[in-house]
Amino acid sequence: MFDPRDPAFLADPYPAFAALRAEGEVHQHDGLGIAITVSHAASAAVLRHRGLGRIWTDAQPLERFASFNLLHRNSLLENEPPAHTRLRRVIAGEFGRGHVQRLRPMVAELAESMVDALAAKIAADGSADLLEHLAQPLPVAVIAELLGVPTSDGPQLVTWSNAIVKMYEYGLSEEGRDAAEQAAADFVAYLRDVVAGAPSGIVRDLTASELTPDEVVATAVLLLMAGHEATVNVIGNGVTALLTHRSEWERLRSDPTLLDSAVEELIRFDAPLQLFERTATEDVDIAGHRVAKGTKIGALLGAAARDPKVFDAPDTLDVGRSPNPHLGFGMGIHYCVGAPLARVEIAAALTALTKRLPELRLAAEPERRPEFVIRGLRTLPVTA
């Protein structure tokens, strides 16, 4: 069984997933303390089954994690119907496909200006960090604009988000847990100030809705965090994949009609979210494995994305792959509400990069974040 802290596993977890999948669809992982699904069918069943839910359990002790628990107790992601239905109804319209498509010119302009800055940095210094100049600031700038918070606060929002999501990892140190709570407290205080002022954008709409004050804050923080973490890691992981599979970079660069399929393939090929947990609200059977009421099971999305029963040559990067039924944005009622926006952002980044920096290549080995659940990079040095 894989060790989620092993640097070799983190560098490339997919051979370990393939070995498990060859043995069966569901496995008990004693290190994680839960069962995990490694096939596409079993993972999809976990995401769809109405007997499996996102049942939030407060981090303990309560007095130590007051802000972290407030954000999650009132979160769309951590609730089931009817609370989930009410929360999702309020924000779904803001991220509908038609509304998001109208944002394309704004997102494209942001991406182009950031890639121009990346190109200037490469010209001046010989190389630059693509995460710093494009992958991180782009989704933060977009969601900050939509929420109505200053884009200049973006770096601070990223710092808080990165600290909070470490709580989703296994075996986090006590120092890391304290940092997550402090970031949550700072984020809550920041959003309360935004709400108390003259809010604009989505924050204004949330404040005027049926949501409670705590739900407004939790929803805004979720949108900022989710709007950043998924997109930055798809861009980082995806550009790395393209630059290490040069023929696919050239293929995309020479044929822009492959853009939409390339976006889906990058989400599939190196999934930004590797594991999504659910808790049984009744006894459930997943691929012959009994999940007792009150226990958890995790859909291993990274393994599902490489299932040869669903994807031809699953370990091959294919920017023209179609169909591509990956589970990168989830399924069922917890399907990512921001998926249409994430796709627009990823497409804008790829378009700007292939047009402005067609000879882009790695300047050094990217540095990977030492976490398993949220899969991403710390640095992505590039040159041209």
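To be clear, the structure that these remarks concern was listed above.
All values derive from a computational prediction rather than experimental measurement.

Conventions we followed
- Residues numbered from 1 in each chain as written.
- Predicted model: local features only at pLDDT ≥ 70, side-chain atom pairs only at ≥ 80, totals over all residues.
- Heavy atoms only, no water.
- Buried < 20%, exposed > 50% of the residue type's maximum accessible area, 1.4 Å probe, protein only.
- Helix = DSSP H or I, 4+ residues; strand = E, 2+ residues; numbered from the N terminus.
- Pairing = 2+ DSSP bridges.
- Contact = heavy atoms within 4.5 Å.
- Axes fitted to C-alpha atoms, helices over the stretch in contact; angles between N-to-C directions.
- Polar contact = N/O pair within 3.5 Å; in protein donor to acceptor, adjacent residues only side chain to side chain.

Asks: Give a description of the pairing of strand 5 (residues 275-280) that names residues and reports values.
Replies: Among the 6 residues in strand 5, 6 count as buried, and that is most of the element. Neither face of strand 5 is left uncovered, since the one carrying Leu275, Glu277 and Thr279 and the one carrying Phe276, Arg278 and Ala280 both have all their residues buried. Pairing between strand 3 (residues 52-53) and strand 5: 2 bridges, direction antiparallel. Each bridged residue has a counterpart across the sheet, and for glycine 53 the counterpart in strand 5 is threonine 279. Relative to strand 8 (residues 296-300), strand 5 is paired through 5 bridges, and the arrangement is antiparallel. When the bridges of strand 8 are listed, arginine 278 appears paired with isoleucine 297.

Asks: A description of the sheet that holds strand 1 (residues 26-29) should follow, citing residues and the corresponding values.
Replies: Strand order in the open sheet made by the 5 strands is 1-2-8-5-3, with mixed pairing throughout. Looking at which strands have only one partner, the edges of the open sheet turn out to be strand 1 and strand 3. Along the sheet face, helix 3 (residues 40-48) touches strand 1, strand 2 (34-37), strand 3, strand 5 and strand 8 and points at about 130° away from the line of strand 8.

Asks: Just give me the short version of the side chain of serine 161, but keep the residues and values in it.
Replies: Within the fold, serine 161 resides in helix 10 (residues 154-165). Judged by relative accessible area, serine 161 falls into the buried class, the value being 2%. Within the local environment of serine 161, its side chain forms a polar contact with the side chain of glutamate 229, the two groups lying 3.0 Å apart.

Asks: Please give an account of the sheet that holds strand 9 (residues 361-362) that cites residues and values.
Replies: Read from one edge of the open sheet, 3 strands run 4-12-9, paired in antiparallel fashion. Edge positions in the open sheet fall to strand 4 (128-129) and strand 9, since each of these has one partner strand only. Relative to strand 12 (residues 381-383), strand 4 runs antiparallel, the two being bridged by 2 bridges. The residue bridging aspartate 129 from the neighbouring strand is proline 381, located in strand 12.

That's the geometry; what it means functionally is another story.
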